[in-house]
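# Structure assessment
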Amino acid sequence: MRILHTSDWHLGRIFHGIYLTGEQAHVLQQFIQLVADSRPDVILIAGDIYDRSVPPTEAIKLLDETLSRILMDYRVPIILIAGNHDSPDRLGFGARLMAMQGLHLIGQLTDRLEPVVIHDPYGPVYFCPAPYAEPPLVRERLLVPDAVNHEQAMLSLIQHLSAPIPAGARRVILAHAFVAGGEESESERPLTVGGSGTVSASFFEPFNYAALGHLHQPQKVGSEHVRYAGSLLKYSFSEALHQKSVTLVEMGGAGKTAVETISLTPRRDVRRLEGHFTDILAGPKNGESRDDYIMVTLLDTGPIMDAIGKLRQVYPNVLHLERPCLTAGGELRGPGGDHRRLNEAELFSSFYEQVTGTPLSGEQNKAFAETLEKFYRQEREVQS
Ligand SMILES: [Mn+2]
């Protein structure tokens, strides 16, 4: 059984004010070519298909085009689960009809959730799709009052999905979760406000392969067969040194897996440049593209007139400029440094303290976290 694992496409993503749909189409073209070349038996997409619950129409068209070509031109079945950025109901539209064509869309969690079975010459493989679901929803839908946190909710989901699988049968799980031990990037939205929301890596050990989504850096967690495929593109400057890829998994009749990562090459790279103004203005070195998306950190201390305008004459896609060494006469810096590095809870508490002069109490912090989580839940489930 040959499995192609990818995740976190985030179609419709806006990066520093720029729609990335064109860049995403470029990389998905490579993905389709990879499907044509490697002829997998199944494709697994482990959540965050879209960047938000109501994606722009260009993103919907891109997903439609990509999935249609894979299914119609190459007839490779696809199993796709919702991530924390997706609207489960919108993603799940027409799911039963499309399953008949080989497109298994698992958006909303229901008690009818069951493995998708795909055969190879050695017999069946059970693919267990665990869509992203908050603990309250897992408690309600699977009738498990113990599922009070992400850890317990994932355990309940795994038990539910594993129940119908015969002992000894080969099994693969798709899950969108923060597995403890995994390394975060700046472009993931935390699953809980102010907490980690992690689940144990040991839950995934009994599976022959775990196709994970949520963390944007391709990585294994603990074992070789428990893996994040990583995002389609670099979605923050903190990922400048990542090599984005998809994972090709070869599974034998005994369930042993061999894993290979296949690099994706973006049309424009995301890079960070650090140095003095005149050196950076000298332009790209051999092999570097001036069209890449660039963040510049200037080490100069004095003011520079229209620094970003001049940099853009050399690098047209400079999206962010930092001046950490600026001493006098420059822009004012906010109290918390770069606000883009702060999460919502940190932003709110710094705002509150600035306005009232007193820090947030533990209780107020908790109230803010609960309100924000409720907001995210509504955003995923209700028209926004
Ligand atoms: Mn994601």
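Quick note: structure is the one above.
Cut-offs used in this document
- Residues numbered from 1 in each chain as written.
- Predicted model: local features only at pLDDT ≥ 70, side-chain atom pairs only at ≥ 80, totals over all residues.
- Heavy atoms only, no water.
- Helix = DSSP H or I, 4+ residues; strand = E, 2+ residues; numbered from the N terminus.
- Buried < 20%, exposed > 50% of the residue type's maximum accessible area, 1.4 Å probe, protein only.
- Contact = heavy atoms within 4.5 Å.
- Areas by Shrake-Rupley, 256 points an atom, 1.4 Å probe, with all protein chains shown as cover.
- Lys, Arg positive; Asp, Glu negative; His and termini not counted.
- Charge placed at Lys NZ, Arg CZ, Asp CG, Glu CD.
- Pairing = 2+ DSSP bridges.
- Axes fitted to C-alpha atoms, helices over the stretch in contact; angles between N-to-C directions.
- Polar contact = N/O pair within 3.5 Å; in protein donor to acceptor, adjacent residues only side chain to side chain.
- Donors = N, O, S within 2.8 Å, 3.2 Å for Na, K, Ca; no water.
- Salt bridge = Lys/Arg side-chain N within 4 Å of Asp/Glu carboxyl O.
- Left-handed = near helix turned anticlockwise from the far one by under 90°.
- Nonpolar A, V, L, I, M, F, W, Y, C, P; charged D, E, K, R; others polar.
- Expected span 1.5 Å × (residues − 1).

### Structural notes on the overall build of the protein chain
Counting secondary structure elements, the protein chain contains 10 helices and 19 strands. Considered along the principal axes of its C-alpha atoms, the protein chain spans approximately 70 × 55 × 40 Å. Counting over 384 residues, the protein chain shows a buried share of 50%. Across the protein chain, every contact between residues at least 6 apart in sequence was considered, and the portion connecting residues at least 24 apart equals 68%. For the protein chain, the exposed area adds up to about 18400 Å²; of that, 52% sits on carbon and sulfur atoms. Taking the 36 positively charged and 47 negatively charged side chains of the protein chain as two groups, their mean positions are separated by 3 Å.

### Quick notes on the sheet that holds strand β1 (residues 2–6)
Whether parallel or antiparallel, the strands of a sheet pair through hydrogen bonds between backbone atoms. What the six strands build is an open sheet, ordered β6-β5-β4-β1-β15-β16; its pairing is mixed. Only two strands of the sheet have a single neighbouring strand rather than two, namely β6 (103–106) and β16 (257–263). Each neighbouring strand pair of the sheet contributes to a mean axis angle of 20°, computed without reference to strand direction. With three bridges connecting them, strand β4 (residues 42–45) and strand β5 (residues 78–81) associate as parallel partners. Bridging across to β5, Leu44 finds its partner in Ile79. Along the sheet, helix α1 (residues 21–38) contacts β1, β4, β15 (245–251) and β16; its crossing angle with β1, the most-contacted strand, is approximately 170°. Each of β4, β5 and β6 touches helix α2 (residues 57–73); the most contacted strand, β5, lies at about 155° to it.

### Points about the side chain of Glu23
Relative to the helices and strands, Glu23 resides in helix α1. Looking at Glu23, its side chain comes within polar contact range of the side chain of Arg267, at 3.0 Å.

### Things to note about the coordination of the manganese ion
Every protein donor of the manganese ion is accounted for by Asp8 (OD), His10 (NE2), Asp48 (OD) and His216 (NE2), and the metal-donor separations fall at 2.1 to 2.4 Å. On the primary sequence, the residues serving as donors to the manganese ion are separated as D-x1-H-x37-D-x167-H. You'll find Asp8 and His10 in the same group, each marked buried.

### Details of the pattern of salt bridges
Summed over all chains, the structure comprises 14 salt bridges. The closest approach of N and O atoms between Arg227 and Glu224, which form a salt bridge, is 2.9 Å. Glu224 gets classed as partly exposed once you look at its relative accessible area, which sits at 43%. In this structure, Asp269 engages Lys234 in a salt bridge whose closest nitrogen and oxygen atoms are separated by 2.8 Å. Of this pair, Asp269 sits in the loop between β16 and β17 (270–275) while Lys234 sits in the loop between β14 (223–228) and β15; the two residues are 35 residues apart in sequence, bridging distant segments of the chain. Overall, Asp269 belongs to the partly exposed group, its relative accessible area being 26%. Three or more residues joined by partner-sharing salt bridges are found here, namely Glu23, Arg267 and Arg268.

### Details of the packing of helix α5 (residues 135–142) against helix α6 (residues 150–162)
Their axes nearest at 9 Å, the elements α5 and α6 cross at an angle of 35°. Remark: the crossing between α5 and α6 carries left-handed chirality. Between α5 and α6, the contacting residues are Pro135, Val138 and Leu142 on the first element and His150, Ala153, Ser156, Leu157 and His160 on the second. Looking at side-chain class alone, the contact of α5 with α6 contains five nonpolar, three polar and no charged residues.

### Looking at α6
For α6, with 13 residues, the first-to-last C-alpha span of 18 Å sits near the 18 Å given by 1.5 Å per residue. Of all the positions in α6, only His150, Ala153, Met154, Ser156, Leu157, Ile158, Leu161 and Ser162 are classed as buried. Where the residues of α6 are buried, they touch β8 (123–130), α5, β9 (170–176) and β11 (198–199).

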